[in-house]
Amino acid sequence: KAAPASVDWRTSGCVTPVKDQGSCGSCWAFSVTETNETSNCINGNPLLTLSPQQLVDCVTMYNGCDGGDYWGAWAYGETSGQELESAYPYKAVQGTCKYNNADGKVGTIKNNPSVRAGVFGGATNAEMMTTISVKSNAVGINASGINFQTYSSGVLETCSRTGMNHAVVA
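This one's a predicted model, so the numbers in the text were calculated from it and none came from an experiment. Sequence order as written defines the numbering, with residues in each chain counted from 1. Only residues with pLDDT of at least 70 are given local features in this predicted model, and only at 80 or more are side-chain atom pairs given and counted; all residues enter the totals for whole chains, interfaces and linings. Only hydrogens and water are removed before side-chain values are computed, so all heavy atoms of the structure are retained for them.

## Examining the packing of aromatic side chains
Paired rings are identified among Phe, Tyr and Trp, the last through its six-membered ring, by centres lying within 6.5 Å, and are further divided according to the angle between planes into stacked (under 30 degrees), edge-to-face (over 60) and tilted (the rest). Enumeration according to the criterion identifies one aromatic pair in this entry. Measuring from ring centre to ring centre gives 4.8 Å for Phe30 and Tyr90, while their planes differ by 80 degrees; the resulting arrangement is edge-to-face. Pair noted here: Phe30 is in helix α1 (residues 27–42) and Tyr90 is in the loop between α3 (70–80) and α4 (113–121), with a separation of 60 residues, a long-range link. Looking at Phe30, the relative accessible area reads 7%, which means it is buried. Strands are runs of DSSP state E lasting at least 2 residues, helices are runs of H or I lasting at least 4, and numbering of each runs from the N terminus. Throughout this description, buried means an accessible area under 20% of the type-specific maximum (1.4 Å probe, protein chains only), exposed means over 50%, and partly exposed covers the range between.

## Some words on the state of the cysteines
Two cysteine sulfurs form a disulfide in these notes if their separation is within 2.5 Å. Summed over all chains, the structure comprises three disulfides. With its sulfur 2.0 Å from that of its partner, Cys58 forms a disulfide with Cys97. On the S-S bond that ties Cys58 to Cys97, the torsion sits near 90 degrees, and the link is right-handed. Of this pair, Cys58 sits in helix α2 (residues 52–58) while Cys97 sits in the loop between α3 and α4, and the two are 39 residues apart along the sequence. Under the relative-accessibility criterion, Cys58 is labelled buried at 8%. Shown here for the protein chain is a disulfide pattern of 1-3, 2-5, 4-6, where each number marks a bonded cysteine counted in sequence order. Here Cys27 is not disulfide-linked; the sulfur of Cys24 is the nearest cysteine sulfur, at 9.3 Å.

See the structure below:
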């Protein structure tokens, strides 16, 4: 189906407050966490604040605060899920994995094939709008440009698709 002219999941109460990754290069963990939070809410579940720190500590194929990407976080999350941020708070440093299965899987991360197509195939704006009209998406961007570095509000209209170095949620 055609995408609506605009979508703002904040108006339906399905977006958690903005988070700060601090000096830890954990954008990949935040991108997956926020996508999971919003998508679960869009699907009719309560909005929960999940733990990006769990991903930083427990997704061992990456370098915690020294970067990673969302594919490994989804693979980990499909098996383990994520705890609430209140049970596994953010520290902005990589630590030892303290995931406690007794706390239960609060949010189960599901891989998102539409994002894979977008990252590797260069999704068009129309394809991205159609996708985010029904769920949130983790996306990679190039955050080196001045337009991103000076961003303050609204829709960022110019963003490079080459040299991706930052993960965000759309």
